[in-house]
Amino acid sequence: MRLGSGTFAAGCVVIEVLGVALFLRGFFPPPVRSSAGTEHLAEPPAPEPSAGATSNWTSRPPPLFSKVVVMLIDGLRDDFVFGSNGVKFMPYTTYLVEKGASHSFVAVAKPPTVTMPRIKALVTGSLPGFIDVVRNLNSPALLDDNVITQAWAAGRRIIFYGDETWVKLFPRHFVEYDGTTSFFVSDYTEVDDNVTRHLDKVLKREDWDVLILHYLGLDHIGHVSGPHSPLIGHKLSEMDSVLMRVHTALLSQEREASSPSLLVLCGDHGMAAHGGHGASSTEEVNTALLLASSAFARRPGDVRQTQHVQQTDLAATLAIGLGLPIPKHSVGHLLFPVVAGRAMREQLRFLHLNAVQLSRLLRENVPAYKREPGFEQFQMSERLHANWVRRYLEDSHSEALLSLGSKVRRQYLEALRTLSLALSAQGAHYDIYSMVVGAVVALENPAHCSSRWSELDLLILLGTLGHAASLGASSFIEEEHQTWYFLVSTLCLALGHDSCRNCFPGDGDAPLHCSHTEEGFAGAVPALRNKNRHCDVPEAGQRHRGPSSLDALRGREKGMVLASPWLVLGCCRLLRPLNQTGVQWAHRPDLGHWLASSDHKAELSALAALCLLAVFALAQRRCSPVSRAALALGLLGVYCYRAATGHVLLPWQRDSKGVSKGIIEARFVYMFVLGILFTGTKDLLRSRVLAAHLTRKPVGLWDIHGGLVLLAALLLRPHNLPVLACSLLVQAVMASFVWRPLRHDAAEVTAMHYWLGQAFFYFQGNSNNIATVDVAAGFVGLSTYVEVPAMFLTAFATYAGPVLWASHLVNFLSSDSSSGSALRHACFCYALICSLPVSAYVLLVTSLRYHLFIWSVFSPKLLYEGMHLLLTAAVCVSFVASDRGHARP
């Protein structure tokens, strides 16, 4: 087997995938853990410290609240409650915040800001690993020590309604539950009605101790319409009325209860400017937290400011409130305002229990724990506390007790903050052995230097290496789209220069064209050249003087050759303002937001119709007649689907009345997608079996490409249809007037496909931020959540740009080459050019593993690179499959 073959390249990519997987195993560390088991309810609590005296406080403190209701609103960022939105749409909640018996906080979540890791943080007090963003799709049972398990083990009766993620995490803990699908983001009404319909009955009952309500509608509106949608206000008003019902019911029941109840209003994460979440922007990490109880009654003139706390602090607070052990993995500390109204001895007792738990966790995770400032502060606090207890037992009415108790309390609070920060920093533990081995495996790519380079080869090589090097800076990762915009613009200018030089050669300068491809990217494997004079697609590496293919072109065609690079440059420039992405300018309004607003639905409708017509004209050119008809009907179905969902208008419509989920229309389109893919696959297999007897070129690959185009048209947001149309236009222009006339070799064609695919990935509005993933695309045509189709559709919609450009590359080289050498070496080039950034990034992340932004910037990019590597493996397999049956002379 030759080194440059497609099979070898595919094997290299598979090995690199395994290496990156091993690296990820070592890079994403396990969270801070206690060595003790999870079932420690029967363990006696730490006794109250005393200096020589005998304390009678050796048991666990009793519960502070008889009932606890946790009302979790998915996507409830802080300004929805504490900002102008709260004043306008949540008047009852605003009253509780400003004048009621409550304490309000801004709870800061850690990335990844997706639901399952945040639920784990709320109930365990720990920092879930970043890899939990993947487990969020199918949550396993939670085995870590947590408040829910502690309450269940203590015999507390827990009822749950809402997001079924809780049911997956706690499969046997609820005496009654009703789960709703969290991933079906098109539903924002029924998903909340299924929770609220239980309230009237359950609030009148006395057979429960903890009630958990998880509302999903607000988050779903954000995913579909964004945080500025009019639907947000309606949903906040609905949630405010629910909160009022729950709160008034709890107050009426307190008259017969021995202790007060507690109502917790919180969010699991916030909502980014475009409605998604998952990253670390302020809008995504700042969530509202409100604790309401009659125990928090205000005195006249008591003005309470909203404090910033950590989301992990809620677990310790709930444990203290329910009279349970603090979860052993918790890195949070007690929200002191909750116990500020208790007697001094009780306050110090609660703080001491929390400090003991954190110090034990520190002792088990930090070898040099004795030198930690937090541990030293804890020891000092415990000694002061012991002196206070001794004085209290000697004379509980001493005037010095209050001042000494205040000093002990301040010391404890400072120790808790320091211990919590130290433990939170322990999340950056790495398996260096796995990382090094994985990096070595990932870097095993063959590459050699060539002695001859064209100007375009140098541009592609330097651009690819420069991009890989730029991934070492967090700002370049956040704004990577700017890198690709610059590289594609530079490529267009270089192609414009190349076309001018070929059309108008100077004196003594004959036009340059390429000969044959028998090496990798930019002449990477010169020793493996095999000159084949029968290739229609030129082979890479060697440029020589000779008659140019431009001599056979007429004036109009030559003019198109000259104009094509500038046309491509213009298309790319027009697409840039469509979607603001990245971090620095993502908050600014863009054309996409303007088109998606309800005031410009007519403009969006006209644009969508024109783009769908352009998509059909460009995609059907080389398809079979059957596929052409299916493509036309499918694109018509796409428009009908968007009209059914209220995004665009039909010609006879004036408004969006009768809006539905469009399930029937979307499934109508899926039928044509599957039909086109089946037709293309059948033609492709037939051409492989009957290659010697065919009188026409097979069109199976082009049919498959057309099916993928139709699927992309269905899944992309309506305002992104210009991206799809321009992508097909650029492909057609480059193929007809750049790559063929200028006889670019297979390596250059492959590299240009990769660059343009990356640029169109960002033209869609994607970024290296998890929040830009459009999860709504995963539920087009689905009436309920089905994991595998939803994951596939979401991934395809995210990577539609690179997928379509990779598909076009396979088609272009397969149809324009009479031998398999171009395919084999294009496969090798594609594997190399895609693997280079991944390999470089693995090394960079290893060296930057203690960087300030390792979890907020570098880790999401690592997940994107892993997904891109899987895409690369799929493309290489496609190359190999196309090459296996390629007709040879």
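Position numbers for residues count from 1 along each chain, tracking the sequence in the order it is written. Totals for whole chains, interfaces and linings use every residue, but because this is a predicted model, local features are given only for residues with pLDDT of at least 70 and side-chain atom pairs only at 80 or more, for both listing and counting. Values reported for side chains reflect all heavy atoms of the structure, with hydrogen atoms and water molecules removed beforehand.

### Structural notes on the overall build of the protein
Numbering of helices and strands runs from the N terminus; a helix is a DSSP stretch of H or I covering at least four residues, while a strand is a stretch of E covering at least two. Regarding its fold elements, the protein presents 33 helices and ten strands. Each residue gets one of three labels from its accessible area relative to the maximum for its type: buried under 20%, exposed over 50%, partly exposed in between, using a 1.4 Å probe on protein chains only. Counting across all 889 residues of the protein, residues that qualify as buried make up 60%. Residue contacts are counted whenever heavy atoms from the two residues lie within 4.5 Å of one another. For the protein, contacts bridging at least 24 residues in sequence account for 78% of all contacts bridging at least 6. Carbon and sulfur atoms form 60% of the exposed surface of the protein, whose accessible area is close to 35,500 Å². Values of accessible area rely on a 1.4 Å probe in the Shrake-Rupley scheme; residue burial ignores everything except the protein chains shown.

### Quick word on a nonpolar patch on the surface
Each patch is built from residues lacking any salt bridge and having more than 30% relative accessible area; the joining distance is 9 Å for like charges and 5 Å for nonpolar side chains (Val, Leu, Ile, Met, Phe, Trp, Tyr). Just to be clear on terms, a salt bridge is a Lys or Arg side-chain nitrogen sitting within 4 Å of an Asp or Glu carboxyl oxygen. On the surface, a cluster of nonpolar side chains totalling about 380 Å² of accessible area is made up of Leu633, Leu636, Phe668 and Met671. Every element with two or more residues in the nonpolar patch is listed here: helix 25 (625–644) and helix 26 (663–689). Overall, the relative accessible area of 42% leaves Leu633 in the partly exposed class.

### Some remarks on the sheet that holds strand 5 (residues 210–215)
Strand order in this open sheet of eight strands is 4-3-5-1-6-7-2-8, and the pairing throughout is mixed. For this open sheet the edge positions go to strand 4 (176–180) and strand 8 (307–310), each flanked by a neighbour on one side alone. Here the average twist between neighbouring strands, direction ignored, is 15°. Each of strand 2 (102–108), strand 6 (262–266) and strand 7 (286–292) touches helix 4 (residues 91–98); the most contacted strand, strand 7, lies at about 70° to it. Two strands make a pair as long as DSSP finds a minimum of two bridges between them. Every angle, taken between N-to-C directions, lies between 0 and 180 degrees, and every axis is a line fitted to C-alpha atoms, over only the stretch in contact when it is a helix.

### Description of the packing of aromatic side chains
The rule is short: rings of Phe, Tyr and Trp, with Trp giving its six-membered ring, pair when the centres are within 6.5 Å, and they are stacked under 30 degrees, edge-to-face over 60, tilted in between. Within this structure, the stated rule accounts for 21 aromatic pairs. Consider the rings of Trp388 and Tyr392, whose centres lie 5.2 Å apart with planes at 15°: the pair is stacked. Pair noted here: Trp388 and Tyr392 are both in helix 16 (residues 373–394), with a separation of four residues, about one helical turn. Every member of this aromatic cluster is reached through a ring pair, and the members are Phe160, Trp166, Phe170 and Phe174. In this scheme, Lys NZ or Arg CZ marks a charge over a ring once it lies within 6 Å of the ring centre and within 35 degrees of the ring normal. Directly above the aromatic system of Trp208 lies the positively charged group of Lys67, at a separation of 4.1 Å from the ring centroid.

### Some thoughts on the packing of helix 25 against helix 26
Put simply, helix 25 and helix 26 touch, their axes get as near as 8 Å, and they point 160° apart. When the interaxial angle is binned, helix 25 and helix 26 end up roughly antiparallel. For the crossing formed where helix 25 meets helix 26, the hand is left-handed. On the side of helix 25, the interface is formed by Val626, Ser627, Ala630, Leu631, Leu633, Gly634, Gly637, Val638, Cys640, Tyr641 and Ala644, while helix 26 contributes Glu665, Ala666, Phe668, Val669, Phe672, Ile676 and Thr679. Along the lines of polarity and charge, the residues of the contact of helix 25 with helix 26 split into 13 nonpolar, four polar and one charged. Angle categories: roughly parallel below 35 degrees, roughly antiparallel above 145, roughly perpendicular from 65 to 115, and oblique for all the rest. Rotating anticlockwise by less than a right angle from the far helix to the near helix defines a left-handed crossing, while the corresponding clockwise rotation defines a right-handed one. All residues other than Ala, Val, Leu, Ile, Met, Phe, Trp, Tyr, Cys, Pro, Asp, Glu, Lys and Arg, Gly among them, are scored as polar; the first ten of these are nonpolar and the last four charged.

### What about the nonpolar core?
By convention a nonpolar core is built from buried Ala, Val, Leu, Ile, Met, Phe, Trp, Tyr and Cys residues, the set being connected through side-chain atoms within 4.5 Å. Core analysis: the largest hydrophobic core is formed by 97 residues, its most contacted members being Leu710, Leu715, Met734 and Trp739. Beyond its immediate stretch of four places on either side in the chain, Met734 contacts Leu495, Val568, Trp739, Met752 and Leu756. Counting residues in hydrophobic clusters, the runner-up holds 73 residues, among them Val70, Leu322, Leu348 and Leu384.

### Some words on helix 30 (residues 787–798)
In this scheme, a helix's expected span is set at 1.5 Å multiplied by one less than its residue total. Given a rise of 1.5 Å per residue, twelve residues ought to cover 16 Å, and the 17 Å separating the end C-alpha atoms of helix 30 matches this to within 8%. Where helix 30 is concerned, the buried positions are Ala790, Leu793, Thr794, Phe796, Ala797 and Thr798. Elements that come into contact with the buried residues of helix 30 comprise helix 26, helix 27 (700–715), helix 29 (746–763) and helix 31 (800–815).

### With respect to the packing of helix 27 against helix 30
The interhelical angle for the contact between helix 27 and helix 30, taken along N-to-C directions, is 95°, at an axis separation of 10 Å. With respect to their mutual orientation, helix 27 and helix 30 come out roughly perpendicular. Residues Leu708, Leu711, Ala712 and Leu715 of helix 27 touch helix 30, and the partners they reach there are Phe792, Leu793, Phe796 and Ala797.

### Here we look at the pattern of salt bridges
The final tally for this structure, using the stated rule, is 19 salt bridges. Where Arg245 meets Asp200, a salt bridge forms, and the shortest distance between an N and an O atom there is 2.5 Å. Of the two residues, Arg245 is situated in helix 12 (residues 230–253) and Asp200 in helix 10 (residues 199–202); the sequence distance between them amounts to 45 residues. Taking the relative accessible area as the measure of exposure, Arg245 reaches 30% and is therefore partly exposed. Judged by relative accessible area, Asp200 falls into the partly exposed class, the value being 48%. Arg205 is the salt-bridge partner of Asp207, the closest N and O atoms lying 3.0 Å from each other. On the basis of relative accessible area, Asp207 is assigned to the partly exposed category, the value being 35%.

### Focus on the pairing of strand 3 (residues 158–163)
Among the six residues that make up strand 3, six are buried, leaving the element largely enclosed by the rest of the structure. By the bridge criterion, five bridges tie strand 3 to strand 5 in an arrangement that is parallel. Bridge pairing in strand 5 places Phe160 opposite Ile212. Inspection of the sheet shows strand 3 paired to strand 4 by five bridges, in the parallel sense. Residue Ile159 lies in a different strand from strand 4, and its bridge partner there is Glu176.

### Re the environment of Tyr670
Along the polypeptide, Tyr670 turns up in helix 26. Accessibility expressed as a relative area gives 16% for Tyr670, which makes it buried. For the pair formed by Tyr670 and Leu714, sequence separation is 44 residues and the distance between their alpha carbons is 8.7 Å. The residues touching Tyr670, leaving out its near neighbours within four places in the chain, are Leu711, Leu714, Leu715, Val780, Gly781 and Leu793.

### Overview of the side chain of Glu865
In this structure, Glu865 sits in helix 33 (residues 854–884). At 2.7 Å, the side chain of Glu865 forms a polar contact with the side chain of Lys861. Polar contact criterion, stated in full: a pair of N or O atoms within 3.5 Å, where within protein one must be able to donate a hydrogen and the other to accept it, and residues adjacent in sequence count only if both atoms are side-chain atoms.

### As for unusual backbone geometry
With omega at 5°, the peptide bond leading from Pro111 into Pro112 counts as cis. By the secondary structure assignment, Pro112 is in the loop between strand 2 and helix 5 (115–124). Of note, Arg743 is a non-glycine position whose phi angle comes to about 50°, a positive value. Within the secondary structure layout, Arg743 lies in the loop between helix 28 (721–739) and helix 29.

### Considerations on the environment of Arg622
Position of Arg622 relative to the elements: it lies in the loop between helix 24 (601–619) and helix 25. When the C-alpha positions of Arg622 and Gly706 are compared, they lie 9.1 Å apart, and in sequence the two are 84 residues distant.

### Side note on the confidence of the model for the protein
Each residue gets a pLDDT score, which is the predictor's confidence in that residue and runs from 0 to 100. Of the residues in the protein, 81% reach a pLDDT of 70 or more, and the chain-wide mean stands at 83. Per-residue pLDDT stays below 50 along residues 539–548; that stretch engages in 44 contacts with residues further than four places along the chain or on separate chains.

### Digging into the side chain of Lys67
Of note, Lys67 is situated in the loop between helix 1 (6–27) and strand 1 (68–73). When charges are tallied, Lys and Arg are placed among the positive residues and Asp and Glu among the negative ones, while His and the ends of the chain are skipped. As a buried residue without a salt bridge, Lys67 has its nearest oppositely charged side chain in Glu206, at a separation of 4.1 Å. There is a polar contact of 2.5 Å between the side chain of Lys67 and the backbone oxygen of Trp208. Ignoring anything within four residues of it in the chain, the contact list for Lys67 reads Arg205, Glu206, Trp208, Asp209, Gln253, Pro260, Ser261 and Leu262.

### Concerning the environment of Pro722
Position of Pro722 among the secondary structure elements: in helix 28. With a relative accessible area of 12%, Pro722 lands in the buried category. Setting aside residues up to four positions removed in sequence, Pro722 forms contacts with Leu575, Leu578, Leu607 and Cys611.

### Some details on the state of the cysteines
In what follows, a disulfide is any cysteine sulfur pair within 2.5 Å. By the definition in use, this model includes zero disulfides. For Cys571, which is in no disulfide, the shortest distance to another cysteine sulfur is to Cys726 and amounts to 4.6 Å.

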